[in-house]
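In case you want the letters, here they are:
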Amino acid sequence: MIVAHRMQAFGMKTVGYDPFVTAAAAAEKGVEFLQLEDMWPVCDFLTIHVPLLPSTKHMMNSAVFDKCKKGVRIVNCARGGIIDEEALLENLNSGKVACAALDVFEKEPPSADSPLLQHSNLIATPHLGASTAEAQTRVAKEIAEQFLALRDGKSTFGCLNAPLLRGALSQPVKAKLAQQLGMLLYTLNPKADVLTVQGDDESFVPYAVMAGYLNAKGISAANLISIKKVADVNGLSFQYTATSEDLTVECGDVKLSGRFDGVTSFLTKVNSVSTNIPLTGSVTVVRSGTALYNQLPSLSGHVTGVHFAGYVTILSHSGKTLESDKLETLGTVALC
């Protein structure tokens, strides 16, 4: 994005592609998100910022150069091997590529008599990267700062596999509410394979619901980095509908709604029964009925709240579990 900011300062239109960035996130930085096939024909300047992987080796090849504008200028300061150097030389010679600037090569250091290195329209500099003592210190400091920013929920800068976290970090209470509703949903229907989600942000909300559902199932590996793969492995998916009403999750004959006020989230409905239950601490969901009512006096020293919600009652408590063999317990979850 730093390169994009520099180009925007010169009045350039910036377009880009990144498999880990959403179109909305790119737009916030003034970058139009395009698929690669749509990007090649429109660019006057192409800058490359990808790692060298099997999927990116010779990403810039003869077929791609054929799709580019005549006179395109190319900068690669990422990794050698992303550009097919023979194809680049051929297109420099033909004029399809007006010029190129490289500080990385397929073979490093490149041969001094390399035709590519000798080309008059190529600018080549050594692949120094962070090789100086000062740069090594700066890199170490920046990496540590990025870890701390991620831990503190301030930024996902530097994360290559966390597109869902970006939205969640900007709206942490909403993400927490979605996760909490997913956890509660599991206690009432532990055998779902499709969750219906109604919310106002598809970019991360349904994934947070699925993560909460799987967390309550005991799958601690489910989080907003891993959820797509973990949900697929566990046969869980979602159907999403946009709404401006309270966030609602549903599966089978169970439907839960919730909202948040400031930093606190609330369960506002269980099926058709309206509630206003703060979602904090640990809660145990039990079936309403005579057994519960008879046990309430003995539970008074252990629970901090008793919330009736139709056929179920939600007991808030500070401990991780609520021991009673006389209650018809549906499940216990730690909501925060």
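What comes next concerns the included structure. Just so you know, the residues in each chain are numbered from 1, in the order the chain's sequence is written. Predicted model: local features are reported for residues with pLDDT of at least 70 only, side-chain atom pairs are reported and counted for 80 or more only, and whole-chain, interface and lining totals are derived from all residues. The basis for every side-chain value is the complete set of non-hydrogen atoms in the structure, without hydrogens or water.

1. Side note on the overall build of the chain
Test applied: Helix and strand definitions here come from DSSP, where helices need a minimum of 4 consecutive H or I residues and strands a minimum of 2 consecutive E residues; each element is numbered from the N-terminal end. The size measure is the radius of gyration over C-alpha atoms, and the globule rule it meets is 2.2 Å times the number of residues to the 0.38 power. Should any heavy atoms of two residues lie within 4.5 Å, those residues are counted as being in contact. We count Lys and Arg on the positive side and Asp and Glu on the negative side, and we leave His and both chain ends out. All charge positions are set by atom: Lys at NZ, Arg at CZ, Asp at CG, Glu at CD.
Scanning the chain from N- to C-terminus turns up twelve helices and 16 strands. Its C-alpha atoms give the chain a radius of gyration of 27 Å, clearly above 20 Å, the size a compact globule of 336 residues would have. On the principal axes, the C-alpha backbone points of the chain span a range of 90 × 40 × 35 Å. When contacts within the chain are restricted to residue pairs at least 6 apart in sequence, those whose partners lie at least 24 apart make up 60%. Distance between charge centres in the chain, computed from 28 positive and 32 negative side chains, equals 4 Å.

2. Some points on the pairing of strand 9 (residues 247-251)
Looking down a regular strand, the side chains alternate between one sheet face and the other. Quick reminder of the rule: The buried label applies to any residue whose accessible area, calculated with a 1.4 Å probe on protein chains only, is under 20% of its type's maximum; exposed applies above 50%, and partly exposed to all values in between. By the convention used here, strands pair only if DSSP detects at least 2 bridges between them.
Summarising burial for strand 9: four of the five residues are buried, a large majority. In the sheet, strand 7 (residues 194-199) pairs with strand 9 via three bridges, with the strands oriented antiparallel. In the sheet register, T196 faces strand 9, and the bridge partner there is E250. Of the strand pairs in this sheet, strand 9 and strand 10 (residues 254-261) are connected by five bridges, and their pairing is antiparallel. Counted as the bridge partner of E250 is K255 from strand 10. Hairpin connection from strand 9 to strand 10: two residues lie between these consecutive antiparallel strands, with G252 at a positive phi of about 60 degrees.

3. Focus: the packing of helix 9 (residues 172-188) against helix 10 (residues 205-216)
Applied cut-off: Whenever a helix is involved, its axis is fitted only over the stretch in contact; in every case the axis is a line through C-alpha atoms, and angles between N-to-C directions fall within 0 to 180 degrees. For classification, angles of less than 35 degrees are called roughly parallel, those exceeding 145 degrees roughly antiparallel, those between 65 and 115 degrees roughly perpendicular, and all remaining angles oblique. For a crossing to be left-handed, the near helix must be turned anticlockwise from the far one by less than a right angle; the clockwise case is right-handed. All residues other than Ala, Val, Leu, Ile, Met, Phe, Trp, Tyr, Cys, Pro, Asp, Glu, Lys and Arg, Gly among them, are scored as polar; the first ten of these are nonpolar and the last four charged.
For the pair helix 9 and helix 10, the least separation of the axes is 7 Å and the interaxial angle reads 40 degrees. The orientation of helix 9 with respect to helix 10, classified from their angle, is oblique. Crossing angle aside, the handedness with which helix 9 passes helix 10 is right-handed. Where helix 9 abuts helix 10, its residues K174, A175, A178, Q179, G182, M183, L185 and Y186 lie against V205, A208, V209, G212, Y213, N215 and A216. For the contact of helix 9 with helix 10, a count of residues per class yields ten nonpolar, four polar and one charged.

4. Considerations on the sheet that holds strand 5 (residues 97-102)
Overall, parallel pairing links the four strands, which are arranged 3-4-5-6 in an open sheet. Taken across any chain shown, the strands that pair with only one partner, and hence form the sheet edges, are strand 3 (45-48) and strand 6 (122-124). Across the sheet, the axes of successive neighbouring strands diverge by a mean angle of 10 degrees, strand direction being ignored. Alignment of strand 3 against strand 4 (residues 72-76), held across four bridges, turns out to be parallel. Each residue of the ladder has a partner; that of L46, found in strand 4, is I74.

5. What about the packing of aromatic side chains?
What counts, and what does not: Two aromatic rings, drawn from Phe, Tyr or Trp (for Trp, its six-membered ring), form a pair once their centres lie within 6.5 Å of each other, and the interplanar angle then sorts them: stacked below 30 degrees, edge-to-face above 60, tilted otherwise.
In this structure the tally under the stated criterion is four aromatic pairs. Between Y207 and F238 the ring centres are 5.1 Å apart and the planes differ by 80 degrees, which places this aromatic pair in the edge-to-face class. Of the two residues, Y207 sits in helix 10 while F238 sits in strand 8 (residues 237-242), which places them 31 residues apart along the sequence.

6. As for the pattern of salt bridges
Note the threshold: One speaks of a salt bridge when a side-chain nitrogen belonging to Lys or Arg is within 4 Å of a carboxyl oxygen belonging to Asp or Glu.
Applying the stated criterion across every chain, the model contains eight salt bridges. Note that E37 and K67 form a salt bridge whose closest N and O atoms lie 2.5 Å from each other. With E37 in helix 3 (residues 36-39) and K67 in helix 4 (residues 62-67), the pair connects residues that are 30 residues apart, well separated along the chain. We classify K67 as partly exposed; its relative accessible area is 37%.

7. A short note on the nonpolar core
The criterion, for reference: Throughout this description, the term nonpolar core refers to a set of buried Ala, Val, Leu, Ile, Met, Phe, Trp, Tyr and Cys residues connected via side-chain atoms within 4.5 Å.
One finds L184, L195, L214, I227, L256 and L267 to be the most contacted residues of the largest nonpolar core, which totals 50 residues. Broken down by element, the residue count for this core peaks at nine residues, all from helix 9. Not counting chain neighbours up to four residues away, the residues in contact with L195 comprise L185, V209, M210, Y213, L236, S237, F238, Q239, E250 and C251. One finds L34, I48, V64 and I82 within the second-largest nonpolar core, a separate group that totals 25 residues.

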